[in-house]
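So the chains spell out like this:
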Amino acid sequence: MALILGLESSCDETAAALVTSDRQILAHALAGQEAAHRPFGGVVPEIAARAHVEVLTPLIARALDEAGVTLGDVDAIAATAGPGLIGGVMVGLVTGKALALAAAKPLVAVNHLEGHALSPRLAAPDLAFPYLLLLVSGGHCQLLEVRGPGDYRRLATTIDDAAGEAFDKSAKVLGLGFPGGPAVERAAAAGDPHRVPLPRPLVGSGEPHFSFAGLKSAVLRAHESGRWSVEDIAASFQQAVIDCLLDRTRIALRKAQRPTALVVAGGVAANNGVRAALQALAAEHGLPFVAPPLWLCTDNAAMIAWAGAERFAAGLTDPLDVAARARWPLDADAEAARGAGVKA
Ligand code: KG4
Ligand code: ZN
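The numbers attached to residues start from 1 for each chain and follow its sequence in the written order. Chain letters start at A and ligand numbers start at 1, both assigned in the order the entries are written. Selection of residues for local features in this predicted model requires a pLDDT of at least 70, selection of side-chain atom pairs for listing and counting requires 80 or more, and totals for whole chains, interfaces and linings are taken over all residues. Side-chain descriptors were evaluated using all non-hydrogen atoms of the structure, hydrogens and water having been removed beforehand.

Colleague: Would you mind going over the pattern of salt bridges with me for this structure?
Modeller: Side-chain pairs of opposite charge can arise whenever the charged atoms involved come near each other. The salt bridge definition used is simple: a Lys or Arg side-chain nitrogen within 4 Å of an Asp or Glu carboxyl oxygen. A complete count under the given rule lists 16 salt bridges for this structure. Among the salt bridges present, the one from arginine 147 reaches glutamate 145, with a minimum N-O distance of 3.3 Å. Its relative accessible area of 2% is what places glutamate 145 among the buried residues. Taking the shortest distance from any N to any O, the salt bridge between arginine 248 and aspartate 247 comes out at 2.9 Å. Think of it in three bands: residues with accessible area under 20% of the maximum for their type are buried, residues over 50% are exposed, and the middle band is partly exposed, with areas taken using a 1.4 Å probe on protein chains only. Given a relative accessible area of 0%, arginine 248 falls into the buried group. Each of Glu145, Arg147, Asp151 and Arg153 takes part in salt bridges that share partners, so that together they form one network.

Colleague: Where do I start with the site of ligand 1 in this structure?
Modeller: Lining the immediate surroundings of ligand 1 are 21 residues, of which Gly138, Asp168, Gly181, Glu185 and Gly267 lie closest. Any pair of nitrogen or oxygen atoms within 3.5 Å is treated as a polar contact; in protein, a donor-acceptor pairing is required on top of that, and neighbouring residues in sequence qualify only through side-chain atoms on both sides. Separating an oxygen atom of ligand 1 from a backbone N or O atom of glycine 267 is a distance of 3.0 Å. At a separation of 3.2 Å, an oxygen atom of ligand 1 approaches a polar backbone atom of aspartate 299. Only the protein chains shown count as covering a residue, and every accessible area follows the Shrake-Rupley method with a 1.4 Å probe. When isolated, ligand 1 has an accessible area of 550 Å², and the protein chains bury 89% of it. A 1.4 Å probe that fits but cannot get out identifies a cavity on a 1 Å grid over protein atoms alone, an open set with protein on both sides within 12 Å along at least five of seven lines counts as a pocket, and a residue lines either if it has an atom within 4 Å of a point. By definition, a pocket or cavity contains a molecule when more than half of the molecule's atoms lie within 2 Å of the pocket's grid points. Of all the cavities here, the one that holds ligand 1 is the largest pocket. Secondary structure elements are taken from DSSP: a helix is a run of H or I of four residues or more, a strand is a run of E of two residues or more, and numbering for both begins at the N terminus. Among the elements of the structure, α4 (112-123), α5 (163-173) and α6 (180-188) are those that each provide at least two residues to the shell around ligand 1. Ranked by residues supplied to the shell around ligand 1, first place goes to α6 with four residues. As a working rule, the residues Ala, Val, Leu, Ile, Met, Phe, Trp, Tyr, Cys and Pro are called nonpolar, Asp, Glu, Lys and Arg charged, and the rest polar, with Gly in that last group. Within the shell around ligand 1, the residues separate by chemical class into five nonpolar, 13 polar and three charged. Think of it this way: one heavy atom of a residue within 4 Å of a molecule or strand is enough to make that residue near it.

Colleague: What should I look at first to understand unusual backbone geometry in this one?
Modeller: Negative phi values dominate among residues other than glycine, just as trans dominates among peptide bonds. A cis amide bond links glycine 82 with the next residue in sequence, proline 83, at an omega value of -15 degrees. Structurally, proline 83 is set in the loop between β4 (76-82) and α3 (86-103). Note that the residue after phenylalanine 129, namely proline 130, is joined by a cis bond; omega there is -10 degrees. Within the secondary structure layout, proline 130 lies in the loop between α4 and β6 (131-136). Even without being a glycine, alanine 104 presents a positive backbone phi close to 55 degrees. Relative to the assigned elements, alanine 104 resides in the loop between α3 and β5 (107-111). Positive phi outside glycine occurs at arginine 258, with the angle close to 45 degrees.

Colleague: Explain α3 to me, please; I cannot follow it from the model alone.
Modeller: Since the α-helix turns once every 3.6 residues, residues separated by three or four places project in the same direction. Here α3 contains 18 residues, and its C-alpha end-to-end distance of 25 Å stays within 8% of the 26 Å for a straight helix at 1.5 Å per residue. Only heavy atoms enter the contact rule, under which two residues are in contact if any of them lie within 4.5 Å. Next to the buried residues of α3 lie β1 (3-8), α2 (45-67), β4 and β5. Once α3 ends, the next one or two residues include alanine 104, with phi positive near 55 degrees. A helix is expected to span 1.5 Å multiplied by its residue count minus one.

In structure tokens:
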């Protein structure tokens, strides 16, 4: 049994966790930065990096304390090395390197996306490779065939915004606050999902890529027209996103090679409508549906520790001069989606 310390700091959550290779989560400490970013309606990279510097070391101490272990008991240190906001990534990775050097422990440089991709296996021990993963968060919107640690085939990505980003931007337009996902879901509960005509970008196309920028613009126009209530726009927007996710995942299921399950991860997986629709799609295909508990779906360090455990077990450790990366695709061979912007 191996004990892994995981560190996460690639966006606006600072986190440290201790997880064992037999899936015990001994501690997971997390500090969000929502209040610091709220006045700006989105994550400000420089504010995020400074906040990580302030809270990461005390969080690590708290996690070790909660778990009742010392750094000497740890078998490897796993830190997110990208992709993400580079200032924050560097804070976590440099801290991980310093601890690895001081305690003479191996370092595992974890791709944040791999953290999300493998996290369902921390919660569901029976989940076997390969599975089809819909990764939907504020920074990512991808369909991945997860074959094993370090072994991914990307079937689709977004050509513009991520689904969570569309929730956040639409919430801003509708005056619903930040973070947008939960606010839109609450407003949507009081609205009619079929009331406001909104586009379903790329639905019906043969490749399972995503696009949400046009939908966000349509939300803005609908709001400015003054014809519909915020609740009806929120509900119709959420329905449009669900329709897109469902149609695209259906195409990916056709392209995936004998997946054992349909799995969802990332912050948007917290959305009840999204989960219900995917569950129905999995059932339609006779596949189990796996969604990790919500706290494991959004950014956290337990998923980084677990990805570290899987990589460590496979002999995949990294030298102390490994670089932090703002962009780091999981599947280096995947072709860029046509019209792709800057998303990894
Ligand atoms: O995985 P995550 O915590 O961070 C990233 O790596 O991006 O995902 C955060 C994203 C945000 O865009 C947030 O608005 C969205 O997940 N989100 C939701 C819900 N809860 C969080 N989107 C829709 N419905 C929700 N209930
Ligand atoms: Zn994430």
